Amino acid sequence: MALKIASRFRRLLQRPGSIDLGPYERLTQLVGEAEESVQSLTDEELTEAATELRTTGGLHEDEQIEFLALAREAGQRALGERAFDGQVVGALAMLQGRVVEMATGEGKTLAGAIAAAGYAIGGRRVHVLAVNDYLAKRDAEWMGPVYELLGVTVSHVGQASTPEERREAYQAEVCYVPVNEIGFDVLRDRLVTDVVDRVTVEADVALVDEADSVLIDEARVPMVLAGATRSEALDDDVVQLVRTLRAGVDYEIDGDGRTVGLTDRGTDKIEKALGEKAEALATDEPATDDAAPSDAASDDTDAETDAETDAETDAETDSVTDESETVPEFNLYADENLDRLTQINVALHAEVLLRRDVDYLVRDGKVSLINNNRGRVAKLQRWPDGLQAAVEAKEAVPVSDSGEVLDSITVQALVKRYKSLCGMTGTAVVVGESLQEFYDVDVAVVPPNTPNVRKDDPDRLYLTVEQKNEALVKHIGVVHESGRPILIGTHSVEESEQLSDKLAAAEIEHVVLNAKNDAEEAAIIAEAGVPGTVTVSTQMAGRGTDIRLGGKDESHDKEKAIELGGLYVIGTGLHASRRLDDQLRGRAGRQGDPGGTLFFASLADELVTRYSVSSGLRPHPDDTGRLTDRKSIGMLEHAQRVADGANAELHRTTWQYNRLTGQQRAILLETREKVLADDLAATELAERAKERYDELVDEVGEDVVKAAARRIALGHLDRRWTDHLAYLADLREGIHLRSLAGGIVHLKPIDEFNKSAIASFDTLIEDAWKDAAETFGTAEITSAGLDEEASGIPRPTATWTYLINDNPFGTEADRILGRLRNAIKPESAAEPEEILDEEFDPEDLPEELRDADDEGDDADDDEEKSGKKD
């Protein structure tokens, strides 16, 4: 009854992307009625009953009812957990191809296992896509006894799995595998030269754990297979030279802090330094010390504060410079200096915009990127276009291997290979429209088994970051004195450590969980519900690990934790997506437990300064800096809506660019498969070089010639595809410039990209065959086979996989954000409170917003002077 009322209420509210649970609720009642008949079965009889249901066409309704009754009993026997009605409803929804939203602690893992087993009984092969190795291994082993009772084989794949272990694991009916690992295996399989070297199987059913994170947050991040070709190490003189540049003088940062560019003065300074170096090399004399590194290199936009003083000093210096001084000519923008210009740009980006302990960590002598969505180290992830090498040079660590991209695939393209898609998560409705748009799947919202009694307090907004942090620490201290367990979610490693220092100064005992010790996150987060515990975590660190009141085994004063109000979640700032806030809130209030949440924010937080505007804002904080007026709060909500919109548009744009590439890849792979598995290469080359083919057959035998032809054809198909990907990467980087060249006719970048991409691919396969025929005519083929190196088609000496942090320079996002910021207005500010101008002091605004507000005032003044102001 509760499920039916909640479902009708949801339909009344017209929640986007959610479906009617009525049919699933009816079937669940029938499952309950059938449950008694299976309880008397022995384990062997239960397994036999499940085996008798096996089919190759999927389970029909009556068969689903019987299977779910068996699965519920298997869970009770194997784990001591009888699936709730909500879990059965969730399993049914997944069997129908839905993404299920279930609250934290409601048993998504068991529901997913039941659904996966149902697909397997119906003759399908299932990949349960996890977010990391730990969860894939944990869930496969945890649910293993359930699968065993149902007669279903299960396995898991991890980063350390060998090719043979992977090949065996993928043969299981249900395989738990991190999404990155299956992606990398697919890429590697696309480059094999022998069918027996493949490890994966045909994509059938994908059941995605943490579906919102995988399908939305990770969807546009390309997984890459690279081959060794070159080193990307930056020249040390470039790194040292960039460190001498000053913010606001030699370079400027855009208002959103996403891009940085040289000023004319900065360009002159670099050209002078490089010109002197070139002259010194030519005459064997040491260069001047102008490019020596500064002891106080600029790391971020804070350096702009001192820029005016520097500029005045430099201006005075320039006025007394000897005009007769000869400066060696060096044109940074000349064609022959393109590589040096690129190095300067990436070094500047690394030095100024990428922050240690925020965007990346340095540990064990390596630079490790931080996943912005989870706060964890992004294993195997790297920046493209030389930016990785620039950061490594900045931190003085060894430059990692680099090379050309042999192939790549996004998570979205990977998932769309599957014939059926379903999943589960704690926050799906917010992205329901995106799931429908990009994957054509609906969301089924399953109400909790026990009503949620968590109390979510209104956000507390402050004027400055300092005032916010002061109030935050004070509030933590008050709650901690009561003994209530506290989980604090921060946005970065840097922020978590700064907060840790403040808590230590306030003599508040706590434990820190961030990307620096993510290997311990499950153990740490599992104890966050113990009374008196204060856990500082980074973003969603520990997501996927249950937080029970009283600790992992609920033996540490669980009743006391309940009396104190349960787990108290505190956010140090709003995320760029409301869904991420909801995920953090969801850590409290598990299975009807009491709990509470509270988020702190300030008008100087990056979310506001980057995604909103302050023009017209007249805040009136109280003595602690707290703001309660509707317009200030509206600005915070507005910034989050803009950020959400920008990310959604970026996802949409990325998919548009990748869609055509995916179609072209499918055409190429169809040809490659015929070459790999059939005799297409021999047929083609026998026609194109008949005399050579017949001659070789007589000399070494037809089988050897066919094998050589196959390797030659595969080598040239792969080479042409690699070159095509490089061309598309360069094309996409500058395609937006074509819209500027269209004059009065607006040229859409995506249309121009598609035209050029189609033209480039049009003759790719035919050109590969021509190359193959030419190579075949001169290749060294003996009875031992083809000598690839001597024949000019060597395979990469080494390959490796990694993920690209897409669009690191933010060019597309900047354009998208600009449009959204102009198009979206704060709804909450539509009816602002009446505030008299004379009561407002511009100095009350935080420094981060003051300049933007002044610009707005200047713009108004200019309009008034020109007579255009209404």
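Please read these numbers as outputs of a predicted model, since none were measured by experiment. (Residues numbered from 1 in each chain as written. Predicted model: local features only at pLDDT ≥ 70, side-chain atom pairs only at ≥ 80, totals over all residues. Heavy atoms only, no water.)

A. Highlighting helix H2 (residues 22-39). Taking 1.5 Å per residue, 18 residues should reach 26 Å; H2 reaches 27 Å between its end C-alpha atoms and fits that length. Along its length, H2 shows its largest kink, about 30°, at Glu33. Every buried residue belonging to H2 is among Tyr24, Glu25, Leu27, Thr28, Val31, Ala34, Glu35 and Val38, and all of these are buried. (Helix = DSSP H or I, 4+ residues; strand = E, 2+ residues; numbered from the N terminus. Expected span 1.5 Å × (residues − 1). Bend = angle between axes of the 7 residues up to and from the residue. Buried < 20%, exposed > 50% of the residue type's maximum accessible area, 1.4 Å probe, protein only.)

B. Just empty space enclosed by the protein, in detail. Evaluation of the coordinates by the stated rule reveals five cavities of 30 Å³ or more. In this structure, the largest cavity is lined by Arg190, Leu191, Leu406, Asp407, Leu668, Leu669, Arg672, Asp718 and Trp721. Contributing elements (two or more residues each) for the lining of the largest cavity: strand E12 (403-410), helix H24 (630-677) and helix H27 (702-734). When residues in the lining of the largest cavity are grouped by element, the largest group, three residues, is from H24. (1 Å grid on protein atoms, 1.4 Å probe; cavity = no way out; pocket = protein on both sides within 12 Å on 5 of 7 lines; lining within 4 Å. Points joined across faces, edges and corners; volume = space filled by probe spheres on them.)

C. Local environment of the nonpolar core. Membership of the largest hydrophobic core comes to 104 residues, with the highest contact counts inside it found for Phe67, Leu150 and Tyr439. Here the element with the most residues in this core is helix H6 (residues 108-121); it accounts for 10 residues. In contact with Leu150, not counting residues within four places along its chain, are Leu46, Ala50, Phe67, Leu70, Ala71, Ala74, Ala117 and Ile121. Among the nonpolar cores identified, the runner-up in size contains 33 residues, and Ile712, Leu714, Phe761 and Leu786 belong to it. (Core = buried A, V, L, I, M, F, W, Y, C linked by side-chain atoms within 4.5 Å. Contact = heavy atoms within 4.5 Å.)

D. Representation of unusual backbone geometry. Here Glu210, not a glycine, exhibits a phi torsion of approximately 50°, which is positive. Looking at where Glu210 falls in the secondary structure, it is placed in the loop between strand E5 (205-209) and helix H10 (211-217). If you check the backbone angles, Asp557 has positive phi at about 55° while not being a glycine. Note on placement: Asp557 falls in the loop between strand E19 (534-538) and helix H21 (558-563).

E. The arrangement of the sheet that holds strand E13 (residues 420-425) in detail. The strand order across the open sheet formed by seven strands is E3-E4-E2-E5-E13-E1-E14, and the pairing between neighbours is parallel. The open sheet has two edge strands with one neighbour each: strand E3 (154-156) and strand E14 (443-445). On average, each strand axis in the sheet is inclined to that of its neighbour by 20°, with strand direction left out of account. Sitting on the sheet, helix H9 (residues 179-189) touches strand E2 (126-130) and strand E4 (174-178), and the angle it makes with E4 is about 95°. (Pairing = 2+ DSSP bridges. Axes fitted to C-alpha atoms, helices over the stretch in contact; angles between N-to-C directions.)

F. Highlighting the confidence of the model for the protein. Taken residue by residue, the protein gives an average pLDDT of 82. The fraction at 70 or more is 78%. Element-level mean pLDDT values for the protein span from 44 in helix H32 (residues 811-823) up to 98 in E3. Of the regions scoring below 50 in pLDDT, residues 6-15 engages in 14 contacts with residues more than four places distant in sequence or in other chains. Scored below 50 in pLDDT, residues 851-870 makes 13 contacts in the model with residues more than four places away or belonging to other chains. (pLDDT = per-residue confidence, 0-100.)

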